[in-house]
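Read off the chains here:
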Amino acid sequence: QVQLVESGGDLVQPGRSLRLSCAASVDLFRIDYMGWYRQAPGKERQLVASIRSGRSANYLGSVEGRFTIWRDDAKNTMYLQMDDLKPEDTAVYYCKLLHPDYINYWGQGTQVTVSS
């Protein structure tokens, strides 16, 4: 059973930074696709950033230049550095990976609230 555990969510003021972590129970050297998603109240879940093994990352337009995704396969952990946070970034953030058995696995989510 694959488990993903997100951490790092918090309440911060606009302009501040947060770093989210996603710890996986599987060897990330076996995993190609991983991504960070978010869901705000009353809205659909959306892709924020994704990264494939050995390839460049992709970002949602509204976060490009402010957010950075990377993975440390040796630590089985994926990260999302979020800088210059805005109130519209408020959401529950989820990590996802696509397992070699073609099943998507999700974490339980971590709350990010940006408010003055």
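Scroll up for the structure.
Model, not experiment: these values are computed from the prediction.

Q: It is not clear to me how the overall build of the protein should be interpreted in this structure. Could you clarify?
A: Check the secondary structure of the protein and you find 0 helices and 11 strands. Moving toward the C terminus, one meets the helices and strands of the protein in the order β-β-β-β-β-β-β-β-β-β-β. With the principal axes as the frame, the protein shows a C-alpha extent of 40 × 25 × 25 Å. With 116 residues in all, the protein has 43% of them scored as buried. Sequence separation of 24 or more characterises 54% of the internal contacts of the protein that already satisfy a separation of 6 or more. Put simply, the protein shows about 6200 Å² of open surface, and 46% of that area lies on carbon and sulfur atoms.

Q: Quick question: what am I supposed to make of the packing of aromatic side chains here?
A: Any pair of aromatic rings gets described here by the distance separating the centres and the angle formed by the planes. Taken as a whole and judged by the stated rule, the model has 3 aromatic pairs. Plain terms: the ring middles of Trp70 and Tyr79 are 5.1 Å apart, the flat faces sit at 20° to each other, and that makes the pair stacked. Take Trp70: its relative accessible area is 29%, and that puts it in the partly exposed class. On the basis of relative accessibility, which here comes to 15%, the residue Tyr79 falls in the buried class. Each residue in the set Tyr37, Tyr94 and Trp106 is aromatic and connected to the rest through ring pairs, giving one cluster.

Q: Honestly, the state of the cysteines in this entry has me stumped. Any pointers?
A: Formally, a disulfide is one covalent bond, and it connects the sulfur atom of one cysteine to the sulfur atom of another. Within this structure, the stated rule accounts for 1 disulfide. Note that Cys22 is cross-linked by a disulfide to Cys95, the S-S spacing being 2.1 Å. On the sign convention where negative is left-handed, the bridge of Cys22 and Cys95, at about 60° about the S-S bond, is right-handed. Taken together, the residues Cys22 in strand 3 (residues 18–24) and Cys95 in strand 9 (residues 91–98) connect sequence positions 73 residues apart. Judged by relative accessible area, which is 0%, Cys22 ranks as buried. Look at Cys95 and you get buried, because its relative accessible area is 0%.

Quick notes on the rules
All residue numbers refer to position in the chain's written sequence, counted from 1. Thresholds applied to this predicted model are a pLDDT of at least 70 for local features of residues and 80 or more for the giving and counting of side-chain atom pairs; totals over whole chains, interfaces and linings are not thresholded and use all residues. The side-chain values count all of the structure's non-hydrogen atoms but skip hydrogen atoms and water molecules. Each helix is a run of DSSP H or I of at least 4 residues and each strand a run of E of at least 2, with the numbering of both proceeding from the N terminus. Relative accessible area decides the class of each residue, using a 1.4 Å probe on protein chains only: under 20% of the type maximum gives buried, over 50% gives exposed, and in between gives partly exposed. In what follows, a contact means two residues having at least one pair of non-hydrogen atoms within 4.5 Å. Methods summary: accessible areas were calculated by the Shrake-Rupley approach with a probe of 1.4 Å, and residue burial reflects only the protein chains presented. Classification of ring pairs uses Phe, Tyr and Trp, with its six-membered ring standing for Trp, and accepts pairs whose centres are within 6.5 Å; under 30 degrees between planes counts as stacked, over 60 as edge-to-face, and the remaining range as tilted. When the sulfur atoms of two cysteines come within 2.5 Å, that pair is taken as a disulfide.

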